[in-house]
Amino acid sequence: LSILILLGLLVPLWILLRRDFIKGLCYGVFLCVSMPTYLRIPLPGGLPQLTIYRLILISALFFWFRYRDPAQRFSKAPLFGVFCFWAIANLLSLFFTTGDFVVSLKRYLDFVVEAAVFFLLLVTSLRTRDDALRVLRAACLGVAFVAALAFIEKYTRFNPVNYLLSNAGADSGEEYHAGFGDVSATYQHRILLGTGMVMGFPLVFALMLAAQRRLARIRLLWLFLALMLAGCYFANSRGPWLAAVLA
């Protein structure tokens, strides 16, 4: 079932990337923000799992080499030095870990390499302000979609991830906890849900500033903000809620 769902999501991605790279990138950002990490193809042994995020990254990289401006390089991207420092610091932590090295390596690839490469790919692909706004809208829509699922889960106790996916391919310590009294939507647990909702606030505010008094769009953004605030509250996590208050 996971493979069928993945194909149903990735085939449109490949078509969009081929026809309009930025539109495909927007769709990929929406999926990365909203889809659960357990949407994956398990590989045998200690090989890293083919999560939806890795498949999106591989697809985007393939088309990026065809789309990119030869003058644009990763080394010229914003925050390139910061990401390099972050990668090296986590690499040292990986080598000196006292835990399972294979699990730590998978998390390093997931947490550091994938995030850094996708960010650098993203910023080297945006050529105009309109391109940047399109990607921003996709990310905001993804967070709003998760917030809507959290709202539904809060009042119906229905979470589609519980019925469509399993954690059979998860690494140790990555069990899925939804359905045990916590609202988590498509995220792994309630703390991540609250964090994701808080990260959506600046996206909404940025789009409000760019709306240029378009009343219908501003009303929709206020609805998104209300859903994110509700999702943060439903997550019942002190850290994200404190960050929301400070924001």
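Residues numbered from 1 in each chain as written. Predicted model: local features only at pLDDT ≥ 70, side-chain atom pairs only at ≥ 80, totals over all residues. Heavy atoms only, no water.

Looking at a positive patch on the surface
Operational definition: Surface patches are drawn from residues lacking salt bridges whose relative accessible area is over 30%; two like charges belong together within 9 Å, two nonpolar side chains (Val, Leu, Ile, Met, Phe, Trp, Tyr) within 5 Å. The method behind every accessible area is Shrake-Rupley, applied with a 1.4 Å probe, and residues are considered shielded solely by the protein chains displayed. What counts as a salt bridge is simple: a side-chain nitrogen of Lys or Arg found within 4 Å of a carboxyl oxygen of Asp or Glu. When charges are counted, Lys and Arg are positive and Asp and Glu negative, with His and the chain ends excluded. Note on charges: their place is set at NZ of Lys, CZ of Arg, CG of Asp or CD of Glu. Strands are runs of DSSP state E lasting at least 2 residues, helices are runs of H or I lasting at least 4, and numbering of each runs from the N terminus. Partly exposed describes any residue whose relative accessible area lies between the buried limit of under 20% and the exposed limit of over 50%, with all areas from a 1.4 Å probe on protein chains only and scaled to the type maximum.
Judged by side-chain charge, Arg129, Arg137, Arg214 and Arg217 come together as a positively charged surface patch. Mapped onto the secondary structure, Arg217 falls in helix 9 (residues 215-235). The partly exposed category is assigned to Arg217, whose relative accessible area is 34%.

Re the layout of surface pockets
In plain terms, the rule: Put simply, the grid is 1 Å and covers the protein atoms alone, a cavity is a trapped set of points that fit a 1.4 Å probe, a pocket is an open set with protein on both sides within 12 Å along at least five of seven lines, and lining residues have an atom within 4 Å of a point. Grid points are joined across faces, edges and corners, and a volume is the space filled by probe spheres set on the points. Three classes are used: nonpolar for Ala, Val, Leu, Ile, Met, Phe, Trp, Tyr, Cys and Pro, charged for Asp, Glu, Lys and Arg, and polar for all others, with Gly counted as polar.
Put simply, the largest pocket is a space of about 1,400 Å³. Around the largest pocket sit 31 residues that line it, and Cys32, Val33, Tyr53, Ala115 and Met199 are the ones nearest its centre. Of all the secondary structure elements, the ones that give two or more residues to the lining of the largest pocket are helix 2 (21-34), helix 3 (52-67), helix 5 (101-123), helix 6 (129-156) and helix 8 (190-210). The leading source of residues in the lining of the largest pocket is helix 5, at 8 residues. For the lining of the largest pocket, the class distribution of residues is 22 nonpolar, 5 polar and 4 charged.

Let's talk about the nonpolar core
A general tendency of soluble globular proteins is for nonpolar side chains to be buried together. Which entries qualify depends on this criterion: Side-chain atoms within 4.5 Å link the members of a nonpolar core, which is a set of buried Ala, Val, Leu, Ile, Met, Phe, Trp, Tyr and Cys residues. In what follows, a contact means two residues having at least one pair of non-hydrogen atoms within 4.5 Å.
With 59 residues, the main nonpolar core has Leu193 and Met228 as its most contacted residues. When contributions to this core are tallied by element, the ones reaching two or more residues are helix 1 (2-19), helix 2, helix 3, helix 5, helix 6, helix 8 and helix 9. It is helix 6 that provides the largest number of residues to this core, a total of 11 residues. Every residue in contact with Met228, bar those within four places of it in the chain, is listed here: Cys140, Val143, Ala144, Ala147, Met197, Gly200, Phe201 and Val204.

By themselves, these are just geometric observations and shouldn't be taken as functional.
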